[in-house]
Every structure is written in C-alpha cells, then in structure tokens.
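Examination of the molecular architecture
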Amino acid sequence: MTEKEKMIKGMKYNPMDVELAEARLRVKRLCEDYSRIDHADRDARLEYMKRIINVRESCYIESPFMCDYGFNITVGKYFYANHGCIILDGSTVEIGDEVMFGPYVQIYTASHPLDPEERCSGGEYAFPIKIGNRVWLGGGVIVCPGVAIGDGTTIGSGSVVTKDIPANVFAAGNPCKIIKVL
C-alpha cells in the first residue's frame, strides 16, 4: 500500500514520502498562481480553482488560499471563503452548499501521535472533516481532525471545533460548545 493510500484510509503514513511531497509542492504552486489572477475575473478564478479542488458547481475563494493536496477537498455550490483560508487535506474535506468561511478559517485533517517517541518518528494521521449545507464559520475558526458540523450551523469567530457540532445551532468558544439552538 502506498503512503498516499494509507493517508486516505486514515492509517499512519509518512508525509515525507516522495509522491506526497511532490503533490504538496504542485498544489502550493497552483495556489500561488491562483493568487495572481485578477479578482475581478471571477470566471478565470473559478476555472483555475477547479484545478486545485473539486468544485461541484461554483465557488469563490479569496487569496491567499492554501491547501496540502487539493484532491481531498470537495465544495458544494455557492461556497465562499474569505482571505487566508488554510485546508490541510490529508483526508477528505467535504463542504456543503451555500457555506461561508470568514477570514483565516483553518481546516485541519492532519494529526500527530501524542506519544513523543512515536511523534518524532515522523508519521502522522489524517481524519475526515464534513461541513454541512448553509454553515457559516466566523473569522479565525479552527476545525480539528475528524469533526462534522451539521447543516445550518454557525460557528462563532475564534472558535476551536474539537468535537462534532449538530445541525441548526450557534456554537462558539475554545473548545467550541453549543450556545443556542437556532
């Protein structure tokens, strides 16, 4: 089994594997090129973004945008991400329809062993993240590995989402907790 296959299956993998390192370099160059496309040319930006991530219909992502691989990210129709979005997509990141990200939202599928000896060996894990339809993540939100956020939910700015959040709630804080049902 290749390191890429292990990564996608949620098994411990070596992120320094040549195939994975080359994939990260490729997408970083694409993201840099994307930043140079005129913001007024929405069609060109959309077509170029389709070279980086899986776009179901339409999206608009402000620059700068960075991701690890791109091929694990799928966004629904009318997705919008403000400046500074980072998605570490060692595992799948599924983003629903009509989702909005504030500035500097960070999505992390990557994780490392807690044991220092094991961590220093260089291996890591990646766990999928799913964000439902009509979700709004406020500025500076961090979504941790393995988390699901339900449809219609709003996450307050600066929150760190460490556990699943159900549909139709407002949640905020570090760690993120439900504040009220919408």
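Details of the structure are given in the entry above.
Quick caveat: nothing in here was measured; it's all calculated off a predicted structure. (Residues numbered from 1 in each chain as written. Predicted model: local features only at pLDDT ≥ 70, side-chain atom pairs only at ≥ 80, totals over all residues. Heavy atoms only, no water.)

Next up on the list: the pairing of strand 18 (residues 169–172). When strand 16 (residues 154–155) meets strand 18, the two strands line up parallel, connected through 2 bridges. Bridge pairing in strand 18 links isoleucine 155 to alanine 171. The sheet contact formed by strand 18 and strand 19 (residues 177–181) spans 4 bridges and is antiparallel. Within strand 19, the position partnered with valine 169 by the bridge is valine 181. Between the end of strand 18 and the start of strand 19, which pair antiparallel, lie 4 residues, with glycine 173 showing a positive phi angle near 110 degrees. (Pairing = 2+ DSSP bridges. Helix = DSSP H or I, 4+ residues; strand = E, 2+ residues; numbered from the N terminus.)

Counting residues in hydrophobic clusters, the biggest one holds 41 residues, and the most contacted among them are Ile52, Phe65, Phe101, Ile107, Ile131 and Leu137. With 4 residues, helix 2 (residues 18–35) is the largest single contributor of residues to this core. The contact partners of isoleucine 107, leaving out residues within four places of it in the chain, are Ile86, Ile87, Leu88, Val93, Phe101, Ile129, Ile131, Leu137 and Val143. (Core = buried A, V, L, I, M, F, W, Y, C linked by side-chain atoms within 4.5 Å. Buried < 20%, exposed > 50% of the residue type's maximum accessible area, 1.4 Å probe, protein only. Contact = heavy atoms within 4.5 Å.)

A few words now on helix 2. Note: α-helices contain 3.6 residues per turn, so residues at a spacing of three or four share the same orientation. Relative to the 26 Å expected for 18 residues at 1.5 Å per residue, helix 2 spans 26 Å between its end C-alpha atoms, a close match to the ideal helical length. Where helix 2 is concerned, the buried positions are Leu20, Ala23, Arg24, Val27, Leu30, Cys31 and Tyr34. Take helix 2 and look down its axis: the buried residues cluster within an arc of 125 degrees, on one side only. Exposed and facing more than 90 degrees away from the buried side of helix 2 are Val18, Glu22 and Arg29. Tucked inside the fold, the buried residues of helix 2 contact helix 1 (3–8), helix 3 (42–49), strand 2 (59–61) and strand 3 (65–67). (Expected span 1.5 Å × (residues − 1). Arc of directions from axis to C-beta.)

Remember that the coordinates give geometry; whether it matters functionally is a separate question.
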